[in-house]
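Here's the letter readout for the chains.
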Amino acid sequence: MPLAFACGVGGIITLVGTPPNIIASGALAQAGYRAFGFFEFAKIGIPLTLAALVYMMFVGKHLIPKRELDADQEIEQEIEANETSSSKMVVSGVILLAVVLTMALGIKGITLEMAAIIGAIVCVLTGCLTEKQAYASIDWVTIFLFAGMMPVSSAMDKTGAGKVIAEWAVGIMGGSPSPMVVTIVLFILSCGLTQFMSNTASAALLCPIGIAISKQLGASPHAVLMAIAVAASCAFATPVGTPPNTLVLGPGGYKFMDYVKAGTGLVIVCFIVSVVLIPMFWPFFPG
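The sections below set out a description of the structure shown in this document. (Residues numbered from 1 in each chain as written. Predicted model: local features only at pLDDT ≥ 70, side-chain atom pairs only at ≥ 80, totals over all residues. Heavy atoms only, no water.)

### Examining the overall build of the protein chain
Counted only if it meets this: By definition, any uninterrupted DSSP run of H or I lasting at least four residues is a helix, any uninterrupted run of E lasting at least two residues is a strand, and each is numbered from the N terminus. Any two residues having at least one pair of non-hydrogen atoms within 4.5 Å are treated as being in contact. Per-residue and other accessible areas follow the Shrake-Rupley method at a 1.4 Å probe size, with only the shown protein chains counted as cover for residues.
Within the protein chain, the secondary structure is distributed over 14 helices and zero strands. Helices (α) and strands (β) of the protein chain occur, in sequence order from the N terminus, as α-α-α-α-α-α-α-α-α-α-α-α-α-α. Long-range contacts, defined as pairs at least 24 residues apart, comprise 75% of the intrachain contacts of the protein chain with a sequence gap of at least 6. Carbon and sulfur atoms make up 71% of the accessible area of the protein chain, which amounts to about 14900 Å² in all.

### Some remarks on the packing of aromatic side chains
As a reminder of what qualifies: Aromatic contacts are taken between Phe, Tyr and Trp rings whose centres are within 6.5 Å, Trp giving its six-membered ring; a plane angle under 30 degrees counts as stacked, one over 60 as edge-to-face, and the others as tilted. Relative accessibility decides the category of a residue: with a 1.4 Å probe and only protein chains considered, values under 20% of the type maximum give buried, values over 50% give exposed, and everything between is partly exposed.
Considering all chains together, one arrives at seven aromatic pairs under this definition. Plain terms: the ring middles of F36 and W282 are 6.3 Å apart, the flat faces sit at 80° to each other, and that makes the pair edge-to-face. One end of the pair, F36, is in the loop between α2 (19–30) and α3 (42–63); the other, W282, is in the segment after α14 (256–281), and 246 residues separate them in sequence. F36 gets classed as buried once you look at its relative accessible area, which sits at 4%. On the basis of an interplanar angle of 85° and a centroid distance of 4.8 Å, the ring pair of F38 and F39 is categorised as edge-to-face. F38 gets classed as buried once you look at its relative accessible area, which sits at 9%. An aromatic cluster is built from F36, F41, F281 and W282, whose rings are joined through pairwise contacts.

### Details of the packing of helix α10 (residues 179–194) against helix α12 (residues 222–232)
Spelled out, the test is: Angles run from 0 to 180 degrees between N-to-C directions of axes, and those axes are lines fitted to C-alpha atoms, restricted for helices to the stretch in contact. Relative orientations are named as follows: roughly parallel for angles under 35 degrees, roughly antiparallel for angles over 145 degrees, roughly perpendicular for angles from 65 to 115 degrees, and oblique for any other angle. By convention the crossing between two helices is left-handed if the near helix lies anticlockwise of the far one by an angle smaller than a right angle, and right-handed if it lies clockwise. Residue type decides the class: Asp, Glu, Lys and Arg count as charged, Ala, Val, Leu, Ile, Met, Phe, Trp, Tyr, Cys and Pro as nonpolar, and the leftover types, Gly among them, as polar.
Between α10 and α12, the shortest axis-to-axis distance is 8 Å and the interhelical angle comes to 25°. With respect to α12, the element α10 is oriented roughly parallel. The handedness of the crossing between α10 and α12 is right-handed. Residues T183, L186, F187, S190, C191 and T194 of α10 form the contact with α12, whose participating residues are A223, V224, A227, I228, V230, A231 and A232. Among the residues making up the contact of α10 with α12, the classes are represented as ten nonpolar, three polar and no charged.

### Some points on the side chain of T183
The topology assignment puts T183 in helix α10. With a relative accessible area of 4%, T183 lands in the buried category. Beyond its immediate chain neighbours, meaning those up to four positions away, T183 contacts A223, V224, A227 and F284.

### Observations regarding the environment of L266
By the secondary structure assignment, L266 is in helix α14. Assessed through its relative accessible area of 0%, L266 is described here as buried. L266 sits 218 residues away from L48 along the chain, and the two C-alpha atoms are 9.8 Å apart. The residues touching L266, leaving out its near neighbours within four places in the chain, are F5, A52, Y55 and F236.

### Some remarks on the pattern of salt bridges
To keep things clear, this is the line we draw: Any carboxyl oxygen of Asp or Glu that lies within 4 Å of a side-chain nitrogen of Lys or Arg is treated as forming a salt bridge with it.
Evaluated as defined, the whole model comprises one salt bridge. The partner of E40 in a salt bridge is R34, with the nearest N and O atoms 2.9 Å apart.

### Points about the side chain of T14
Note the following rule: In the analysis that follows, any N or O atom pair within 3.5 Å is treated as a polar contact, provided that within protein one partner can donate a hydrogen and the other can accept it, and provided that, for residues neighboring in sequence, both atoms belong to side chains.
Mapped onto the secondary structure, T14 falls in the loop between α1 (2–10) and α2. Given a relative accessible area of 16%, T14 falls into the buried group. Here G17 takes part through its backbone nitrogen, which lies 3.2 Å from a polar atom of the side chain of T14. Residues contacting T14, with those up to four places away along its chain left out, are N21, F38, F39 and F41.

### Concerning helix α13 (residues 243–252)
Convention followed: By arc we mean the arc of the directions from the helix axis to the C-beta atoms, nothing more.
Here α13 has its buried residues at P244, N245 and V248. Down the axis of α13, the buried side of the element spans an arc of 95°, and every buried residue falls inside it. Looking at α13, the residues exposed on the side facing more than 90 degrees away from the buried face are P243 and L247. In this structure, the buried residues of α13 make contact with α1 and α14. After α13 finishes, the residue G253 shows a positive phi value of roughly 65°.

### Describing a nonpolar patch on the surface
The condition is simple: Patch building starts from residues that exceed 30% relative accessible area and form no salt bridge, then joins like charges within 9 Å and nonpolar side chains (Val, Leu, Ile, Met, Phe, Trp, Tyr) within 5 Å.
Taken together, the side chains of I46, L50, L53, V54, M57, F58, V59 and L63 present a nonpolar region at the surface, about 750 Å² in accessible area. Take F58: it is sitting in helix α3.

### A few points about the environment of L28
Of note, L28 is situated in helix α2. Between the C-alpha atom of L28 and that of I211, which follows or precedes it by 183 residues, the distance is 7.7 Å. Residues within four places of L28 in sequence aside, it is in contact with Y33, R34, A35, F36, I211, P221, H222 and L225.

### Overview of helix α6 (residues 112–125)
This is how it is decided: A helix is expected to span 1.5 Å multiplied by its residue count minus one.
Its 14 residues give α6 an end-to-end C-alpha distance of 20 Å, which sits within 8% of 20 Å, the value for a rise of 1.5 Å per residue. Those residues of α6 that are buried are in contact with α5 (86–105). Trailing α6 by a residue or two, G127 shows a phi angle of about 85°, which is positive.

This is how it looks when you write it as structure tokens:
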């Protein structure tokens, strides 16, 4: 379970670490705002990762049930470990490092998409993956959600639907809520949704709404969308909120309530850290 939680919170650090980050950045660009940079997410991602480590070391570990693996599970894990080629591990690690550096350095003429595709092709050419494995690893749900929500976001803006939703939401929050209140409400909403549905879907659903509300208030949408993206990655309280949680469910011998007990506290920690730091790094009314 700590491994699964680390996968979730660690992915927040970069643009490509988790789908909600890409969706939030794309939504900003589609609406005519500055998109988030590759390592811009690290401003909140690194503090969240450190906070999660401290929480799991001193609190979370006491909430995780201690269960022993049976003999069949141990044998299965040993077989999987022995089947892993050390040479392929090194090559794939080098490829990953090269792709990340290329994305981070922003080499002229090479976009993020080009770097990722070249890295994938090299993985196949070097034998780290077969063609079938590479094809099967493509997350088509993320691709189609991302591609589909961009036109929806644009349509909401041009038809005025976004403005109507924003006015309705602002009215519910008192008529003239502060951007901080909006950020907190959307963080809680995004975090609540992501416990039971895809974090990608949660971000795709809320990002256009976040932009519309920000426009209504005359505030910069960067803090709001960062909160939505971060919250969508805080799927720690259920085994179905994110794939890593589901993957460790069987091997760890966990039950649903084990995630509730260990993950709810981590969600609260991430909420507090985010509410404090996000407005500091992305002001609502930048000078």
